[in-house]
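Reading the structure
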Amino acid sequence: MKYYILFGPPGAGKGTQAKFIAEKYNLLHISTGDLLRKEMAAGTPLGLQAKKLIEGGNLVPDEVVVGMIRNTFSSNKDVNGFLLDGFPRTIAQAEKLDQMLAEGGEKVDKVLSLTIKDETIFERIAKRAQIEGRKDDADPATIQNRIDTYHAKTEPLIDYYKNEGNYCEIPGEQTIEEVFDCICKVI
Ligand code: AMP
């Protein structure tokens, strides 16, 4: 089983690229953000708990997303591998993922990291707000909090994966096709 992580700040293009990568390499795309939005739309207790955090631009607790990932891995055994989008987002999540994979003698194959400037994040998210109507894309204070949260809690994962030797950076401010091309070369 292959395990790829699509890494980067909000608005880096992870979701867009994930669809192309998953199709080309026959991987199951797991977006923890999408899974949480489904829970919110269905009004489940988990969705209700997550809603406030997501709409404020904060992370949901590690155990919640780790549980989602664990369930998805164990209920999908017939795929070539998994493409994780928006997970892990904290060192604790990355450590749990490594533990989970090590239990089955597996590991993260590559971390595909899309890099973009903070100014570009704002432009991209403003555009997406008009298309997708996500509440957490609509408010500048929420966007800023998501960027700050990324720098404080998620960016430290870059050194974590550099130490593991599987970290690859891809400039995210090229066209969608150019970014995809770079990703394919890495894979
Ligand atoms: P995304 O669609 O990846 O931008 O995620 C939307 C929101 O869902 C994030 O701002 C967080 O509130 C929450 N979320 C998604 N993935 C995670 C994660 N791995 N850890 C914690 N919160 C997450």
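Refer to the structure printed above.
To start, this report covers the structure provided alongside it. (Residues numbered from 1 in each chain as written. Predicted model: local features only at pLDDT ≥ 70, side-chain atom pairs only at ≥ 80, totals over all residues. Heavy atoms only, no water.)

All right, on to the packing of aromatic side chains then. Applying the stated criterion to the full structure yields 6 aromatic pairs. Ring centres of Y3 and F73 lie 5.3 Å apart, and the angle between their planes is 75°; on these two criteria the pair is classed as edge-to-face. With Y3 in strand β1 (residues 2-7) and F73 in helix α4 (residues 62-74), this pair connects stretches of sequence that are 70 residues apart. Between the aromatic rings of F7 and Y150, the centroid separation amounts to 6.1 Å while the plane-to-plane angle is 50°, which identifies the pairing as tilted. On the criterion of sequence distance, the pair formed by F7 in strand β1 and Y150 in helix α7 (residues 140-154) is long-range, its members being 143 residues apart. (Phe/Tyr/Trp six-rings, centres within 6.5 Å; stacked < 30°, edge-to-face > 60°. Helix = DSSP H or I, 4+ residues; strand = E, 2+ residues; numbered from the N terminus.)

Moving on, we get to the packing of helix α1 (residues 14-25) against helix α9 (residues 176-186). At a minimum axis separation of 10 Å, α1 and α9 run at an interaxial angle of 45°. The angle between α1 and α9 falls in the class oblique. Along this stretch, α1 crosses α9, giving a crossing that reads as right-handed. On α9, the residues that touch T16, Q17, F20, I21, K24 and Y25 of α1 are I176, V179, F180, I183 and C184. (Axes fitted to C-alpha atoms, helices over the stretch in contact; angles between N-to-C directions. Parallel < 35°, antiparallel > 145°, perpendicular 65-115°, else oblique. Left-handed = near helix turned anticlockwise from the far one by under 90°. Contact = heavy atoms within 4.5 Å.)

This part takes up the pattern of salt bridges. The tally for this structure, following the rule as stated, stands at 12 salt bridges. Measuring nitrogen to oxygen at the nearest pair gives 2.8 Å for the salt bridge that ties D137 to R128. The shortest N-O distance in the salt bridge between D136 and R134 comes to 3.0 Å. One exposure class covers both D136 and R134, and it is buried. (Salt bridge = Lys/Arg side-chain N within 4 Å of Asp/Glu carboxyl O. Buried < 20%, exposed > 50% of the residue type's maximum accessible area, 1.4 Å probe, protein only.)

Looking now at unusual backbone geometry. Leaving glycine aside, a negative phi is the common case for residues, and trans is the common case for peptide bonds. In this chain, F87 is followed by P88 through a cis amide linkage whose omega measures -5°. With respect to the secondary-structure elements, P88 resides in the loop between β3 (81-85) and α5 (91-103).

Turning to helix α8 (residues 157-164), a few remarks are in order. Because the α-helix completes a turn every 3.6 residues, residues three or four places apart line up on one side. Among the residues of α8, those classed as buried are L157, I158, Y160 and Y161. Mapping the buried residues of α8 onto a view down its axis gives an arc of 160°, with all of them on the same face. Contacts from the buried residues of α8 go to β1, α5, β4 (110-115), α7 and β5 (167-171). Remark: G165 follows α8 within two positions and exhibits a positive phi of approximately 85°. (Arc of directions from axis to C-beta.)

Glancing now at the site of the ligand. Taken together, 16 residues form the shell around the ligand, and within it T32, R37, N58, G86 and Q93 come nearest. One of the side-chain nitrogen or oxygen atoms of R89 is found 3.0 Å away from an oxygen atom of the ligand. Here R134 contributes a side-chain N or O atom positioned 3.2 Å from an oxygen atom of the ligand. Considering the ligand on its own, with 480 Å² of exposed area, one finds that the protein chains cover 96% of that surface. With respect to the pocket detection grid, the ligand is positioned in the largest pocket. (Near = heavy atom within 4 Å. Polar contact = N/O pair within 3.5 Å; in protein donor to acceptor, adjacent residues only side chain to side chain. Areas by Shrake-Rupley, 256 points an atom, 1.4 Å probe, with all protein chains shown as cover. 1 Å grid on protein atoms, 1.4 Å probe; cavity = no way out; pocket = protein on both sides within 12 Å on 5 of 7 lines; lining within 4 Å. Sits in = over half its atoms within 2 Å of the grid points.)

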